[in-house]
Amino acid sequence: MARLTLDHVTKIFDDNGSEIVAVDDVSVDIDDGEFLVLVGPSGCGKSTTLRMIAGLETVSRGEIRLDDEPIDGKQPKDRDIAMVFQSYALYPHMTVRGNMRFGLEESTDLPDGEIEEKVRATAEMLDIANLLDRKPAELSGGQRQRVALGRAIVRDPAAFLMDEPLSNLDAKLRSEMRTELQRLQEDLGVTTVYVTHDQTEAMTMGDRIAILNAGKLMQVATPLEAYHRPANRFVAGFIGDPSMNFFEMEVRGDRLVGSEFAYPISEEVRDAIGGAEAVSADEVNAETVTLGVRPEDVEIVAEATGPHDFETVVDVVEPKGSENNVYLSFSADGDSSFVATIGGMRTVEAGQPAIARIPEAAIHVFDGETGEALRNRSIDEQAETEPQL
Ligand code: ATP
């Protein structure tokens, strides 16, 4: 077990003379035993980061340390780190037993009996003891994934690196393996860095998640912090499904004014937005901001009773069983639609008018230029201080 530190890590690839900055000055401290999920869209630098930790890519600038000891100069096999790939990367000509023994035989000089005992215990833990004599071609995808995990676990490494290990499995198996992997990681207590582009995996599996965009680290936080207190618009839009609704607005006095609606704001929100000094309703050059609200915070109410209730038209209703995603527009020919998630038993029909309530407590405001969060939704203080179950 170990603490893993990425200290201003940068990776620059040379693409026929032009530079590609795949990972840009990323610093993160991963605690001993922590499960950190590295998440972001395709091409954001997740795999490159993992490959640098594993020693499969060199580091262009910065340093990677395992328990305060720099590992950049070490060969992958000397790093005491085990990697699990999306492709499983099992040796097809070897049995499950052979695949699991191989790493141990290479990296240790344990006696044969001890290796056999470790393989057997790990296979039992993963429920694959009955498959030890089979070859990979004789296994299902889920079983191959277990063998790949077993091969990593049996080495008893200081850290696990996992690169989209569940993405080749069907949805049901993936969700089962998600839970199992989490339990395993908790039991083993091994520091783990897990790469995925799937934000559900990020939200459900990680102690903390590190969100990358275009090689840059956007935020490192617990899943709930990233969800409720995103550092910027990118994180707000990336985490959550359906995505947060965004509206481009100008700050005009005590209102945010957009092309299709105006949103009155209290002094508290006004102060949080700061900078943009009270621009009166008819002055030009008002500060621009992005107003954000999560779909589950948009309510559909029977009648308009306050300043945050808006007349809309229902475009499309997407029933999901337990809930409905309702796509709304401010007018029948309006072009900015937004989504409200409401209970599955409620009936709302496309083409009908609806009153959408966007409560002020739930809004996020982002800087129009930098995307930085200026104000995040308020969270019930009581809920925050209540003991965790
Ligand atoms: P995905 O989810 O699609 O696997 P990723 O977030 O893992 O994406 P990386 O594979 O780390 O992204 O790639 C980051 C960037 O670096 C991309 O722009 C990619 O094209 C570039 N890149 C990766 N490897 C090389 C290489 N060997 N030479 C040049 N550019 C590379």
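Residues numbered from 1 in each chain as written. Predicted model: local features only at pLDDT ≥ 70, side-chain atom pairs only at ≥ 80, totals over all residues. Heavy atoms only, no water.

### Section: the sheet that holds strand β15 (residues 299–301)
Sheet architecture is open: five strands sit in the order β15-β19-β16-β17-β18, paired in antiparallel fashion. Two strands bound the open sheet, and with one partner strand each, they are β15 and β18 (337–343). If you compare each strand with its neighbour and ignore which way they point, the axes differ by 50° on average. Pairing between strand β17 (residues 323–329) and β18: seven bridges, direction antiparallel. Bridge pairing links valine 326 to alanine 340 in β18. (Pairing = 2+ DSSP bridges. Helix = DSSP H or I, 4+ residues; strand = E, 2+ residues; numbered from the N terminus. Axes fitted to C-alpha atoms, helices over the stretch in contact; angles between N-to-C directions.)

### Here we look at helix α5 (residues 171–188)
The periodicity of an α-helix, 3.6 residues per turn, causes residues three or four positions apart to be oriented the same way. Between its first and last C-alpha, α5 extends 25 Å over 18 residues, near the 26 Å set by a 1.5 Å rise per residue. Among all positions of α5, only Met177, Arg178, Glu180, Leu181, Leu184 and Gln185 are buried. Structurally, α5 contributes buried residues whose contacts are with β3 (35–39), α3 (112–125), α4 (141–153), β7 (159–163), β8 (191–196) and α6 (199–205). One or two residues past the end of α5 sits glycine 189, with phi positive at roughly 65°. (Expected span 1.5 Å × (residues − 1). Buried < 20%, exposed > 50% of the residue type's maximum accessible area, 1.4 Å probe, protein only. Contact = heavy atoms within 4.5 Å.)

### Re the domain arrangement of the protein
Taken as a whole, the protein is organised into domain 1 (4–238) and domain 2 (245–384). Each of domain 1 and domain 2 has a C-alpha centre, and the two are 39 Å apart. Listed per partner, the contact involves 10 residues of domain 1 and 14 residues of domain 2. For the domain 1 and domain 2 pair, buried surface summed over both sides reaches about 1100 Å², with 48% attributable to carbon and sulfur atoms. Three residues stand out in domain 1 for area buried against domain 2, namely Tyr227, Arg229 and Arg233, and they jointly supply 55% of the buried area on that side. At the surface where domain 1 touches domain 2, the tally comes to one salt bridge. Of the charged contacts in the structure, one is a salt bridge between arginine 233 and glutamate 248, with a shortest N-O distance of 2.8 Å. (Domains from an automatic or database assignment. Buried area = accessible area lost by both parts, 1.4 Å probe. Salt bridge = Lys/Arg side-chain N within 4 Å of Asp/Glu carboxyl O.)

### Let's talk about a negative patch on the surface
A contiguous patch of negative charge on the surface is contributed by Asp31, Asp32, Asp67, Glu186, Asp187 and Asp207. Relative to the elements of secondary structure, glutamate 186 occurs in helix α5. (Patch = residues over 30% accessible without salt bridge, like charges linked within 9 Å, V, L, I, M, F, W, Y side chains within 5 Å. Areas by Shrake-Rupley, 256 points an atom, 1.4 Å probe, with all protein chains shown as cover. Lys, Arg positive; Asp, Glu negative; His and termini not counted. Charge placed at Lys NZ, Arg CZ, Asp CG, Glu CD.)

### A closer look at the site of the ligand
Around the ligand, the neighbouring residues are Phe13, Ile20, Ala22, Pro41, Ser42, Gly43, Cys44, Gly45, Lys46, Ser47 and Thr48. The fraction of the free accessible surface of the ligand (640 Å²) that becomes covered by protein chains is 59%. Those elements giving two or more residues to the shell around the ligand turn out to be β2 (18–30) and α1 (46–54). Looking at the shell around the ligand, the element that brings in the most residues is α1, giving three residues. The residue makeup of the shell around the ligand, split by class, is five nonpolar, five polar and one charged. (Near = heavy atom within 4 Å. Nonpolar A, V, L, I, M, F, W, Y, C, P; charged D, E, K, R; others polar.)

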